[in-house]
Amino acid sequence: APSRLPTADHGDINVIQKIAKYTPMVGQERNLLLPKPPPQILPPDKALDDGLEKFKLSPSQHNAVLDCVSAMHQDTSCWVRLICGPPGTGKTKTMVALLWSMMMKNHRTLALAPTNTAMMEVASSLLALFDRDSPFSWSDVVVLGSKDLVYAVDANLREMLLQRRISRLNHVEDWSDHLNNLLHLLEKPWSLYCSYRWDARKEYEECDWELQGPELGRWDEQGGTVSFTEFFVDNYEHFEECLRRCLKAYRNDLP
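Below is a summary of the structure that appears in this document. (Residues numbered from 1 in each chain as written. Predicted model: local features only at pLDDT ≥ 70, side-chain atom pairs only at ≥ 80, totals over all residues. Heavy atoms only, no water.)

Turning next to the overall build of the chain. Scanning the chain from terminus to terminus reveals 11 helices and 0 strands. For the chain, the sequential pattern of α-helices and β-strands runs α-α-α-α-α-α-α-α-α-α-α. When the 255 residues of the chain are sorted by exposure, 25% land in the buried category. In the chain, of all internal contacts separated by at least 6 residues, the share reaching a separation of at least 24 is 64%. (Helix = DSSP H or I, 4+ residues; strand = E, 2+ residues; numbered from the N terminus. Buried < 20%, exposed > 50% of the residue type's maximum accessible area, 1.4 Å probe, protein only. Contact = heavy atoms within 4.5 Å.)

Take unusual backbone geometry next. The backbone of Lys 56 shows a phi angle near 55 degrees, a positive value even though the residue is not glycine. Tracing the chain through its elements places Lys 56 in the loop between helix H2 (46-52) and helix H3 (59-71). Despite not being glycine, Asn 106 has its phi angle at roughly 60 degrees, a positive value. Tracing the chain through its elements places Asn 106 in the loop between helix H4 (91-104) and helix H5 (116-127).

Before going further, it helps to examine the environment of Ser 137. One can find Ser 137 in the loop between H5 and helix H6 (155-158). Given the relative accessible area of 29%, Ser 137 is considered partly exposed. Between the C-alpha atom of Ser 137 and that of Leu 127, which follows or precedes it by 10 residues, the distance is 7.6 Å.

Bringing the layout of surface pockets into the picture now. Roughly 1000 Å³ of volume is contained in the largest pocket. Lining the largest pocket we find 34 residues, and of these Thr 109, Asp 140, Val 141, Val 142 and Val 143 sit closest to its centre. Taken together, the elements giving at least two residues each to the lining of the largest pocket come down to H4, H5, helix H7 (162-170) and helix H11 (228-253). Ranked by the residues each element gives to the lining of the largest pocket, the list is headed by H5, at 6 residues. Residue composition of the lining of the largest pocket, by class: 23 nonpolar, 6 polar and 5 charged. (1 Å grid on protein atoms, 1.4 Å probe; cavity = no way out; pocket = protein on both sides within 12 Å on 5 of 7 lines; lining within 4 Å. Points joined across faces, edges and corners; volume = space filled by probe spheres on them. Nonpolar A, V, L, I, M, F, W, Y, C, P; charged D, E, K, R; others polar.)

Attention now goes to the nonpolar core. Residues Leu 52, Phe 55, Trp 100, Met 120, Leu 126, Phe 130 and Val 143 are the most contacted members of the largest nonpolar core, which totals 30 residues. Every element with two or more residues in this core is listed here: H2, H3, H4 and H5. When near neighbours in sequence (up to four residues on either side) are disregarded, Trp 100 contacts Ala 47, Leu 48, Gly 51, Leu 52, Lys 54, Phe 55, Leu 126, Leu 129 and Phe 136. Core analysis: the next-biggest nonpolar cluster, separate from the first, contains 6 residues, Leu 182, Leu 185, Tyr 193 and Leu 243 among them. (Core = buried A, V, L, I, M, F, W, Y, C linked by side-chain atoms within 4.5 Å.)

A side chain with one charge may pair with a side chain of the opposite charge, provided their charged atoms come close. Under the criterion given, the structure shown has 4 salt bridges. For Arg 81, the salt bridge goes to Asp 67, with nearest N and O atoms at 3.3 Å. On the criterion of sequence distance, the pair formed by Arg 81 in the loop between H3 and H4 and Asp 67 in helix H3 is long-range, its members being 14 residues apart. Grouping residues by exposure puts Arg 81 and Asp 67 together as buried. Notably, a salt bridge pairs Asp 253 with Arg 165, separated by 3.6 Å at the nearest N-O pair. Here the residue Asp 253 occupies a position in helix H11, and Arg 165 occupies one in helix H7, the gap between them amounting to 88 residues. Arg 165 carries the same exposure label as Asp 253, and that label is buried. What emerges from the salt-bridge pattern is a single network uniting Arg 165, Arg 168 and Asp 253. (Salt bridge = Lys/Arg side-chain N within 4 Å of Asp/Glu carboxyl O.)

Following this line, the structure appears as structure tokens:
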């Protein structure tokens, strides 16, 4: 009986041979076993190219970053890219450059690491790029790790932790209440001050001075316990600080 073993003319043998001989290089088409999509020419991104210069990447690292970024815009059935290399070849630096490039292209990116140490190394390197002239800040990055991570990182990295963001949002009061109080103070300051004086005088008259002593509160007929200027400034600064704290938390900590 004729042999039914596949020969080199059979398609399955060709596929196996392609897999066995496949040695991908940086910039080489990864999907040799798939139909090649029509070439897509992306417009040059000068801002991205100029920004990558500060990373001082090698040619292979630079090509790897651009290849990963361009994969997001290619009409292909596989967007997987694998960057590998022995220790000390700059994989972490390449990853940080890739994350920065994804942020420049407005792509939300999820970065995973096997340990907290590895994750914080990447986060620290990324945070170091957010200087005064950077379009990004620590509020653009969310870090999630174990509970012990809260006590194991410095103050700057701690601000990026998801646990800290949730805690700050839980303690933020309604910003609209602070805004309304501030507007009310600006519109009717004297009316509020008169109400304050009335409440202060009423509280003064209801005190049991025989038990508490007159030193606990003294009524000044000319202005109450504080002057109008002191009343206005104290309340304005209080409402302004509360409103500022709310808006800062909403701006930095909301996703």
